[in-house]
Amino acid sequence: MKNYKYLFFILTLLLFSRIAFAQDGHLKGQIHDAINNEPLPFANVLVVGTDIGAISDLDGNFKITGLAPGYIKLQVSFVGYQTRLSEDIFISNSNSPFIEIYLEPSQNDLDEVVVKVDPFQKKEEAPISMQSITTREIESNPGSNRDISRVIQSFPGVGSTPAFRNDVIIRGGGPSENRFFLDDVEIPVLNHFSTQGASGGPVGIINADFIRNVDFYSAAFPSSKYNALSGVLDFHQIEGSKDKTNLQATLGASEAALTLDGPLGDKTSYIFSIRQSYLQFLFSAIGLPFLPTFSDYQLKVKTNLDTKNQFTLISIGSLDHLTLNTGIENPTPEQDYILSQIPINNQWSYTIGLVYKHFFDKGHHTFVLSRNMLNNEFYKYPDNNENLSKSFDYNSREAENKFRYELDIKKNDIKYNFTANLEYAKYTNETAQQVYANDSLINFNYSTELSLFKYGISGQATKRFFDRRLLLSLGIRFDANNYNEHTTNLLNQFSPRLSSSYSLTDKTFLNAGLGRYFQQAAYTTLGYRNNFGDLVNLNDVRFIGLNQYNLGLEHRFSDQVLLSVEGFYKAYFQYPIDLLSGASLANQGAAYSSVAGAAPVTFTGKGKAYGFEILNRWNYETFSILASYTYVQSLFTDLSDNYIPSSWDSKHLLTITGSKELKKDWRIGFKWRYVGGLPYTPYDLATSAKIQAWDAIGQPYLDYTRLNSERFAAFHQLDLRIDKNFFFKKWTLMLYLDIQNAYNFQNKGQDFIVRAKNNDGSYATTNNNTEYILESVENWSGTVLPTIGLMIKL
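Residues numbered from 1 in each chain as written. Predicted model: local features only at pLDDT ≥ 70, side-chain atom pairs only at ≥ 80, totals over all residues. Heavy atoms only, no water.

Novice: What is the right way to look at the overall build of the protein chain in this model?
Specialist: Each helix and strand counted, the protein chain has 9 helices and 49 strands in total. Taken against the 2.2 N^0.38 rule, which gives 28 Å for 794 residues, the C-alpha radius of gyration of the protein chain at 27 Å falls within 12% of a compact globule. Along the first, second and third principal axes, the C-alpha set of the protein chain runs to 90 × 80 × 45 Å. Burial analysis of the protein chain (794 residues in total) assigns 56% to the buried set. Considering only intrachain contacts with a sequence separation of at least 6, the fraction spanning at least 24 residues in the protein chain is 67%. If you sum the accessible surface of the protein chain, you get close to 32900 Å²; carbon and sulfur atoms cover 58% of it. A gap of 5 Å separates the mean positions of the 71 positive and 81 negative side-chain charges of the protein chain. (Helix = DSSP H or I, 4+ residues; strand = E, 2+ residues; numbered from the N terminus. Rg over C-alpha atoms; globule rule 2.2 N^0.38 Å. Buried < 20%, exposed > 50% of the residue type's maximum accessible area, 1.4 Å probe, protein only. Contact = heavy atoms within 4.5 Å. Areas by Shrake-Rupley, 256 points an atom, 1.4 Å probe, with all protein chains shown as cover. Lys, Arg positive; Asp, Glu negative; His and termini not counted. Charge placed at Lys NZ, Arg CZ, Asp CG, Glu CD.)

Novice: Would you take a moment to explain the pairing of strand 32 (residues 544-556) for this structure?
Specialist: For a regular strand, side-chain orientation follows a simple rule: the groups alternate between the two sheet faces. As judged from the 12 bridges shared by strand 31 (residues 508-519) and strand 32, these two strands associate in the antiparallel manner. The partner of Phe518 across the bridge, within strand 32, is Gly545. Counting the residues that bridge the hairpin from strand 32 to strand 33 (residues 561-578) gives 4 residues. (Pairing = 2+ DSSP bridges.)

Novice: What is the right way to look at the pairing of strand 24 (residues 344-360) in this model?
Specialist: In terms of strand pairing, strand 23 (residues 309-324) meets strand 24 through 14 bridges, oriented antiparallel. Looking across to strand 24, one finds that Ile316 is bridged to Thr351. Where strand 24 and strand 25 (residues 363-380) come together, 17 bridges link them in antiparallel fashion. For Ser349, the partnering residue across the bridge sits in strand 25 and is Leu374. Between the antiparallel neighbours strand 24 and strand 25 lie 2 residues.

Novice: I tried to follow unusual backbone geometry on my own but got confused; where do I start?
Specialist: Phi is mostly negative for residues that are not glycine, and the peptide bonds are mostly trans. The phi torsion at Asn145 lies on the positive side, around 50°, for a residue other than glycine. Phi at Gln574 takes a positive value of approximately 60°, unusual for a residue other than glycine. Inspection of the secondary structure puts Gln574 in strand 33.

Novice: Explain the sheet that holds strand 1 (residues 25-33) to me, please; I cannot follow it from the model alone.
Specialist: Backbone hydrogen bonds hold the strands of a sheet together, and the pairing may be parallel or antiparallel. Taken together, the 3 strands give an open sheet; going across it, the order is 4-1-9, and neighbouring strands pair in mixed fashion. Looking at the sheet topology across the chains shown, the edges are occupied by strand 4 (61-67) and strand 9 (98-103). Each strand axis lies, on average, 30° off the axis of its neighbour in the sheet, ignoring direction. (Axes fitted to C-alpha atoms, helices over the stretch in contact; angles between N-to-C directions.)

Novice: What should I look at first to understand the sheet that holds strand 14 (residues 185-186) in this one?
Specialist: Taken together, the 5 strands give an open sheet; going across it, the order is 10-17-18-13-14, and neighbouring strands pair in mixed fashion. With partners counted over all chains shown, the strands left at the sheet margins are strand 10 (130-134) and strand 14, one partner each. Both strand 13 (residues 178-182) and strand 14 contribute to a ladder of 2 bridges, which runs antiparallel. In the sheet register, Leu182 faces strand 14, and the bridge partner there is Val185.

Novice: What exactly am I supposed to notice about the confidence of the model for the protein chain here?
Specialist: Detailed reading of the predicted coordinates is not advisable wherever pLDDT is low. Here the protein chain averages 88 in pLDDT, while 94% of its residues score no lower than 70. pLDDT under 50 marks residues 1-21. Its contacts with residues more than four places away, or in other chains, come to 17 contacts. Across residues 110-115 the pLDDT falls below 50, and counting only partners more than four positions away or on other chains, this stretch makes 7 contacts in the model. (pLDDT = per-residue confidence, 0-100.)

Novice: Is there a simple way to explain the side chain of Ser370 in this structure?
Specialist: When you line up the elements, Ser370 lands in strand 25. With relative accessibility at 7%, the residue Ser370 sits in the buried group. For Ser370, the residues in contact, after removing those within four places along its chain, are Val185, Ile352, Gly353, Glu400, Asn401 and Lys402.

Novice: Got a minute to help me understand a nonpolar patch on the surface in this structure?
Specialist: Taken together, Phe465, Phe466, Tyr502, Leu504, Leu510, Leu551 and Leu553 make up a surface patch of nonpolar side chains, about 650 Å² in accessible area. Following the sequence through the fold, Tyr502 ends up in strand 30 (residues 494-503). What makes Tyr502 partly exposed here is its relative accessible area of 32%. (Patch = residues over 30% accessible without salt bridge, like charges linked within 9 Å, V, L, I, M, F, W, Y side chains within 5 Å. Salt bridge = Lys/Arg side-chain N within 4 Å of Asp/Glu carboxyl O.)

Novice: What should I look at first to understand the pattern of salt bridges in this one?
Specialist: Enumeration according to the criterion identifies 43 salt bridges in this entry. The salt bridge involving Arg275 is made with Asp296; its shortest N-O contact spans 2.8 Å. Taken together, the residues Arg275 in strand 21 (residues 268-277) and Asp296 in strand 22 (residues 290-306) connect sequence positions 21 residues apart. We note that Arg275, like Asp296, is buried. Glu661 serves as the salt-bridge partner of Arg667, at 3.5 Å between the closest nitrogen and oxygen. Counted as one network, the salt bridges with shared partners bring together Asp88, Arg136, Glu661, Arg667, Arg721 and Asp723.

Novice: Explanation requested: the environment of Ala198 in the structure shown.
Specialist: Structurally, Ala198 is set in the loop between strand 15 (191-192) and strand 16 (203-204). Overall, Ala198 belongs to the buried group, its relative accessible area being 15%. As for Ala198 and Pro679, which are separated by 481 residues in sequence, their C-alpha atoms are 19 Å apart.

Novice: How should the environment of Tyr569 be read in this particular structure?
Specialist: Tracing the sequence through the fold places Tyr569 in strand 33. For Tyr569, the contacting residues outside a window of four places in its chain are Asn547, Gln548, Tyr549, Lys608, Ala609 and Tyr610.

Novice: What is the right way to look at helix 5 (residues 333-341) in this model?
Specialist: Residues spaced three or four apart along an α-helix point in a common direction, a consequence of the helix completing one turn every 3.6 residues. With 7 of 9 residues buried, helix 5 lies mostly within the body of the structure. Within helix 5 the residues assigned to the buried category are Gln335, Asp336, Tyr337, Ile338, Leu339, Ser340 and Gln341.

Novice: What should I look at first to understand the packing of aromatic side chains in this one?
Specialist: Two measures describe an aromatic ring pair: the distance that separates the ring centres and the angle between the ring planes. Summed over the entire model, instances satisfying the criterion amount to 34 aromatic pairs. Clustering of aromatic rings is evident, with ring pairs tying together Phe311, Tyr356, Phe367 and Tyr405. (Phe/Tyr/Trp six-rings, centres within 6.5 Å; stacked < 30°, edge-to-face > 60°.)

Novice: Help me out: how do you make sense of the environment of Phe283 in this one?
Specialist: Turning to its location among the elements, Phe283 is positioned in helix 4 (residues 279-285). Distance in space between the C-alpha atoms of Phe283 and Arg171 is 34 Å, their sequence separation being 112 residues. Sequence-distant contacts of Phe283, that is, excluding residues within four places in its chain, are made with Leu288, Phe290, Leu291 and Pro292.

Novice: Which parts of the structure should I look at to understand the side chain of Arg497?
Specialist: Mapped onto the elements, Arg497 comes out in strand 30. Buried charge without a partner: Arg497 forms no salt bridge, and the closest opposite charge is Asp479, 6.1 Å away. The residues contacting Arg497, other than those within four sequence positions of it, are Phe221, Pro222, Ser223, Lys225, Ser473, Leu474, Gly475, Arg477, Leu514, Gly515, Arg516 and Tyr517.

As structure tokens, this is what we get:
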């Protein structure tokens, strides 16, 4: 007992006392010209809020020592260049971060005399509908567990659902309408257990330890970003240490992770991580009917051959397995419903890419060669009885080989960007399933193999006018593939876009953007065949199109406080409509264990999403607030050309996120979000009751004649987070307590429909044993979910 008392005393001392060590944090970095990568000597580097700093040497290198642990920002200035703020940098006594900072040349060589820094800086190519998300915001966002897909739900225009998924729903568009880039390499799969044909899933695969910042575009994408309609997330990763190997071990809500970074010789650095989940043990212990397990890896290796040549190797991959907890004795109706409809799912994916950059006096060339694959397997036995034939058996593989070239050049104060891309994709699918239609059961079997060449070109020019008060950026893009006669023609996918920003005053800006965007249909749609092996959609396929218009007003009350209002209108055309259900495919993509777009379709659908956003950001050194409100309506046509509210028509989105740095390295934070009730489609109970129909899919059928005719109640939730950091001389301990749904909001979802049982456990039937007797069970969800996380940095 005496030993336990000492242990309790030590733990108490650890939690409530400050561990005092000298301010021994340090960092190294290098300053470059953003156009030609030349090192900038004698640049002034200052830690914001202090008088600590350094001057870069002849090779642009600098080192700053004697730093207090925690997050810092650097302000960098140099004659003839625009002064710049760095992203947030985490400092500890034990690790040695390395940062590269790129300065843009000024139009006026004397611009450095007036030191004016924009803490809310945006890309000139996208002055509207773009936000930069820092690693500090990712790490401290309550309820997100360091998952970027959930962090962006704090920003305007981004919807969410009470299903605890990571679907990226932007301005009324579906989760299939977004694209993701990691240090110039496109990563098609962002989540574990990803919905094929969309982007959602329950857990993200990107390790937050790698992230330096994220550029989030909800419109006005630069022309170099392609195949997206609603959003683009451009992830930028940190650099590995140049001095020594650093190690970080993390124990989070659902997984354990190990991250290493350090030097590989004088010119090369690396960062590598692996993660392994333990959800299956937790879910089994508390009696949940499904048991997910996942693992992933992430790698970055960067080599600077010299100031003119740079290689970066990027790779990320995941391995997912979902089984059913069929050992539950006497399952509840809710458990029985889930067990009857969720299939076994095995999925793996990877992306690997090589980026080569060559710099010259006025710009640089970028060459990107990459390959990505997604392997997806589903299968289901009726009532999970493996003695019966499978009612659903799905095996699919998507493989893409990509080459992209970019030229960035600055001439006569005009920034130019030109790109060309060529891709070869191969899609295979073997599907065997039972389909109940027209009062009969059809055995549907097909095997498909589809090879596709894709190609595109783009150009963009950006310039400031009228004493730099007016910014204009004009871009054009052409995309095509060889799927059919229409998609082959580049001119059919001509995508012009224009963005502008006008400084009404030094603190007030009028921003506008308009453009046309195209996206290729999902491989599941392109490769869909009938039992005779015909490509069902071959002659009808088109690129999905969108015309978008944006107008906004932005005011900076100070360097720390921003308020903006922005209106948007999105007009979709050539949107695919499912010929079986009559519903637009815009409604698909947010279900667990699902495949979006695998159906016969017509590309005659239209859609519209419109509304406005209000954003208020307060970014002080020890206090931050991000408040956003969005009003949005989202409607898409059915086969009769009637506009129907989409599954993302939430109307009202309100999120308030805040954090406060306290003394002794404590931090507290909160996030409250309100999501208006989403539409849903009622069940077709008459069809669902038929034994043949139910056994084919193991769940009730939707009544698509009443598509999205009902609406859920609004959803709201409060998440809280407390962080405590301990900075020791040779290592750092970071603890956090995250509480999701702190006031235990109960959400009412669509009722579970289950089959009634006889006393002996068999299913009750009627009408000469041709129909099940169905029962409705209320579907309530919501629980207080506390999570303790631990990170150790060495």
